[in-house]
Amino acid sequence: MRWFKDRHKGEARRNEAGRNKVVKLYGVSGLLALSIALGTSGTDPAVQPGAGLFLTAAERQTLAAEAVQTGALEEYANFYVVDGCGYAKFDGFSKLTEAVYAGALNAYADNLPEDVKLYSMLAPTSAAFTLPTQYAGLFPDQRQIIADVAGMLDERFISIDIYPTLEAHKNEYLYFRTDHHWTQRAGYLAYTQLAGPLKFPAYSDKKLNQCDTGIDFLGSVAAETGSRQLGQNLDRLSYYPIPADVNYVYWDNTAAPHTYSQGLYKWWYLSQPNKYVFFLGGDLPYIRLKTDAQSGRKIAVIKDSYANTVIPFLTLHFDEIHIIDPRNSSFNALQIIEENDIKEVLFVNYARVVCLPKFSAGLHQLLTRDYVTWR
């Protein structure tokens, strides 16, 4: 039997000061069912949706309706558009959905050996820094979300708070205007914030020297909304050349590896509509990077697409990086971690995942999927 199949659950390690009340109430295994239920039926009626972090649903609707009526704001199914910038909504957020996400991460602490180090970074969205203040009530306080999740995580986790660093650089081009992602400049700042907890010497941005691709584009928000405001506010794609020799292999939910797609940046995607796929080739089920770092270290990164601008920098410090996307992967994350003798696991996701219980469900499913035979 695999080492993680019968590991003792770690609830005894949890802080007794109410950090994990929801997880204890539903149980770790029950969180998966809860996540799926929330994904189809909304937030738990016993939990106040805003929980003091932002306006009630009715108040938000009133604010948005008034702003739309005056032409100051455009509202779409998943986004708001204000002053030529798109902002992903946080609909469905509650204290309970925060706990569902934290519980999903805690399940890894419960199932991984004690010698595996665990790290978590939640990236705030552009709404935290560039949204006009009169519309702040449309969104929860992302600084508080990051703190709440950190407070509910198992004591084995080291939480990395990127918020203050981004706030200090908020006048820089950290977020795309027409796309819901951050730029690689923000990814670089996240990398420097990881350096301390993960104990590696970050390269200076002067040494890495950010470069311009020369490509202007319209991103995901523009594509979904068709907003004329966004159509007049093109984004620009820049990147950091990485001085590392990297072998890139990916799996598309079969046991057969694909080795023909090399390099951290996929230049051919710059001729396609979705330019953000330039970074790592997008959100593939499982990517393995082998480098010439000669550090003796391996790391697994379990992530959403915000991590794609951060991971290239990690190739400077880790011999192997195993990248798993819970939205797309049908592999067993614990199998990958065990069979590759990985001793560090990093979760990098954007703060909006706390509104997406199905994402948390995907994190759980990575723990329980069947083994595959590798080719």
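Residues numbered from 1 in each chain as written. Predicted model: local features only at pLDDT ≥ 70, side-chain atom pairs only at ≥ 80, totals over all residues. Heavy atoms only, no water.

Hey, could you run me through the sheet that holds strand β3 (residues 85–88) in this one?
Backbone-to-backbone hydrogen bonds join strands into a sheet, with any given pair of strands oriented parallel or antiparallel. Reading across the sheet, the three strands line up as β1-β2-β3 and stay open at both edges, with antiparallel pairing between neighbours. Of all strands in the sheet, those bounded by a partner on one side alone are β1 (74–75) and β3. (Pairing = 2+ DSSP bridges. Helix = DSSP H or I, 4+ residues; strand = E, 2+ residues; numbered from the N terminus.)

What should I look at first to understand the pattern of salt bridges in this one?
Between side chains of opposite charge, a pair can form when the charged atoms approach closely. As enumerated under the stated definition, the model contains 18 salt bridges in all. For Glu98, the salt bridge identified is with Lys95, shortest N-O distance 3.9 Å. Of this pair, Glu98 and Lys95 both sit in helix α4 (residues 95–111), three residues apart, roughly one helical turn. Residue classification places Glu98 among the buried positions, given a relative accessible area of 1%. (Salt bridge = Lys/Arg side-chain N within 4 Å of Asp/Glu carboxyl O. Buried < 20%, exposed > 50% of the residue type's maximum accessible area, 1.4 Å probe, protein only.)

Whenever I open this one, helix α13 (residues 357–368) confuses me. Can you help?
Owing to its 3.6 residues per turn, the α-helix aligns residues three or four sequence positions apart on the same side. For α13, spanning twelve residues, the distance from its first C-alpha to its last is 17 Å, which sits close to the expected 16 Å at 1.5 Å a residue. The buried count for α13 comes to nine of twelve residues, which makes it a mostly enclosed element. Along α13, the residues classified as buried are Pro357, Phe359, Ser360, Ala361, Gly362, Leu363, His364, Leu366 and Leu367. (Expected span 1.5 Å × (residues − 1).)

Explanation requested: the packing of α4 against α13 in the structure shown.
Running from amino to carboxyl end, α4 crosses α13 at an angle of 10 degrees, the nearest separation of the two axes being 9 Å. When the axis of α4 is compared with that of α13, the two are roughly parallel. Contact residues: Thr97, Val100, Tyr101, Gly103, Ala104, Leu105, Ala107, Tyr108 and Asn111 in α4; Pro357, Phe359, Ser360, Leu363, His364, Leu366 and Leu367 in α13. (Axes fitted to C-alpha atoms, helices over the stretch in contact; angles between N-to-C directions. Parallel < 35°, antiparallel > 145°, perpendicular 65-115°, else oblique. Contact = heavy atoms within 4.5 Å.)

When you look at the environment of Met121 in this model, what are you seeing that I'm missing?
Assignment of secondary structure puts Met121 in strand β4 (residues 117–123). When the C-alpha positions of Met121 and Ile158 are compared, they lie 8.8 Å apart, and in sequence the two are 37 residues distant. What Met121 contacts, discounting residues up to four positions off in sequence, is Ile160, Ile162, Ala190, Gln193, Leu194, Phe347, Val348 and Asn349.

Teacher, can you tell me more about the side chain of Asn332 here?
Here Asn332 lies in the loop between β12 (320–324) and α12 (333–339). Within the local environment of Asn332, its side chain forms a polar contact with the backbone nitrogen of Leu334, the two atoms lying 2.9 Å apart. (Polar contact = N/O pair within 3.5 Å; in protein donor to acceptor, adjacent residues only side chain to side chain.)

Explain unusual backbone geometry here, please?
When glycine is set aside, most residues are seen to have a negative phi, and most peptide bonds are trans. With a phi close to 50 degrees, Asp83 is a non-glycine residue in the positive phi region. Following the sequence through the fold, Asp83 ends up in the loop between β2 (79–82) and β3. The phi torsion at Lys199 lies on the positive side, around 60 degrees, for a residue other than glycine. Here Lys199 shows up in the loop between α7 (184–198) and α8 (205–208). Accessibility expressed as a relative area gives 65% for Lys199, which makes it exposed.

Where do I start with the packing of aromatic side chains in this structure?
How two aromatic rings sit relative to each other is set out by the distance from centre to centre and by the angle between their planes. The full count for this structure, using the stated rule, is 31 aromatic pairs. A ring pair is formed by Phe129 and Tyr163, whose centres lie 4.9 Å apart and whose planes are at 50 degrees; its orientation type is tilted. Separated by 34 residues along the polypeptide, Phe129 in the loop between β4 and α5 (142–152) and Tyr163 in helix α6 (residues 163–168) bring together distant segments of the chain. The burial state of Phe129 is the same as that of Tyr163; both residues are buried. An aromatic cluster is present here, built from Tyr173, Phe176, Phe217, Tyr239, Tyr265, Trp267, Tyr276, Phe278 and Phe279 joined pairwise through their rings. (Phe/Tyr/Trp six-rings, centres within 6.5 Å; stacked < 30°, edge-to-face > 60°.)

Which parts of the structure should I look at to understand the pairing of β2?
Consecutive side chains of a regular strand alternate in pointing toward one face of the sheet and then the other. Neither face of β2 is open: one carries Phe79 and Val81, the other Tyr80 and Val82, and all of them are buried. In this structure, β1 lies alongside β2, joined through two bridges in antiparallel fashion. Pairing of Glu74 across the sheet is with Val81, part of β2. The turn linking β1 back onto β2 is made up of three residues. Inspection of the sheet shows β2 paired to β3 by four bridges, in the antiparallel sense. Bridge pairing links Phe79 to Ala88 in β3. What sits between the antiparallel neighbours β2 and β3 is a turn of two residues, in which Asp83 has the positive phi angle 50 degrees.

Any chance you could explain the side chain of Lys266 here in plain terms?
Note that Lys266 resides in the loop between β9 (257–258) and β10 (286–290). For the buried Lys266, no salt bridge is present, and the opposite-charge side chain at shortest range is Asp245, 12 Å distant. Residue contacts for Lys266: discarding those within four places in its chain leaves Tyr248, Ser261, Val277, Phe278, Leu280 and Gly281. (Lys, Arg positive; Asp, Glu negative; His and termini not counted.)

What is the right way to read the sheet that holds β12 from this model?
Read across the sheet, eight strands follow the order β5-β4-β13-β11-β12-β10-β8-β9 without closing on themselves; strand pairing throughout is mixed. With partners counted over all chains shown, the strands left at the sheet margins are β5 (157–160) and β9, one partner each. With five bridges connecting them, β10 and β12 associate as antiparallel partners. For Tyr286, the partnering residue across the bridge sits in β12 and is Ile324.

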